[in-house]
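This is what each chain is made of:
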Amino acid sequence: NYAAVFESGRVGIGTTAPDRALEINHATGQNLRLTYNDSDGSAANYVDLHTSSDGNLILNPSGGAILPASDDTISLGSSTYRFADLYLGGTTLHIGEDGNEGLINYDLTGEYLSLGTTNSAGLLTLTDTGRVGVGTNNPSATFEVAGTVAFSGAGDVEISNNLNFSHDTASYIRSIAPLYIEAGESFGASDLILRSRGSGDVVAGSDLVPYADATYS
């Protein structure tokens, strides 16, 4: 029986042929215990480091947590050394590989969560005030899109209040096919009103042709 072996400048515990400067061997992988204030072997606070039969590292802290020495100081992995394509650095979770990854970030100054990619950071933003921004990290409404919105599938878009266009020069409603603007339900009588909010006119850029048997006054 032996407690430690010193071989060619190496120390072996539980082995007569250490392969590293210090090697600790155990038949069931229960290699090392780090204890807190234990002088008689009755430690209640400890961390066990085990080696599994297939070579994995198992950490078993009695307190149930793995903590950094101080708050907000340690990254998990790096851009070149990742945990299954993941690494956490600063306030950003990187998913993928360096140069080709998805990003989940929380901005402590602006107080918003953003999702993006390497080439398009901040594609989607969720603010702490309950707003969602696409293409902007400072949405001015509950939902704001900075760019073009396309609806490519079949289905309706419902708006329960006003539809406002804020472009200060001109805004357009376009359709590559016939465009219908209707008011009310088929069983009711609701007026369709076209008007200028200010002193401008309602201008028709083409001929107005009655639809079906409709008459106009």
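Use the structure listed above.
What counts as what
Residues numbered from 1 in each chain as written. Predicted model: local features only at pLDDT ≥ 70, side-chain atom pairs only at ≥ 80, totals over all residues. Heavy atoms only, no water. Helix = DSSP H or I, 4+ residues; strand = E, 2+ residues; numbered from the N terminus. Contact = heavy atoms within 4.5 Å. Polar contact = N/O pair within 3.5 Å; in protein donor to acceptor, adjacent residues only side chain to side chain. Buried < 20%, exposed > 50% of the residue type's maximum accessible area, 1.4 Å probe, protein only. 1 Å grid on protein atoms, 1.4 Å probe; cavity = no way out; pocket = protein on both sides within 12 Å on 5 of 7 lines; lining within 4 Å. Points joined across faces, edges and corners; volume = space filled by probe spheres on them. Nonpolar A, V, L, I, M, F, W, Y, C, P; charged D, E, K, R; others polar.

J.: Could you give an account of the environment of Asp48, with specific residues and numbers?
T.: Structurally, Asp48 is set in strand β5 (residues 46–51). In this structure, the C-alpha to C-alpha distance between Asp48 and Thr35, residues 13 residues apart in sequence, is 8.6 Å. Here Asp48 is in contact with Leu32, Arg33, Ile58, Leu59 and Asn60, once residues within four sequence places are set aside. A distance of 2.6 Å separates a polar atom in the side chain of Asp48 from a polar atom in the side chain of Arg33.

J.: Hey, could you go over unusual backbone geometry for me, with residue numbers and the actual values?
T.: You will see that Ser8, though not glycine, has its phi angle at about 55°, which is positive. Position of Ser8 among the secondary structure elements: in the loop between β1 (5–7) and β2 (10–13). A residue is classified by how much of its surface remains accessible, and Ser8, at 70% relative accessible area, is exposed. Despite not being glycine, Asp72 shows a phi value in the positive range, around 60°. On the secondary structure map, Asp72 appears in the loop between β6 (57–61) and β7 (86–89).

J.: So what's going on with the layout of surface pockets? Residues and values would help.
T.: Taken as a whole, the second largest pocket encloses approximately 320 Å³ of empty space. Forming the boundary of the second largest pocket are 13 residues, of which Ile66, Pro68, Ile74, Ser75 and Leu76 lie nearest the centre. Across the lining of the second largest pocket, the residue classes break down as seven nonpolar, five polar and one charged.

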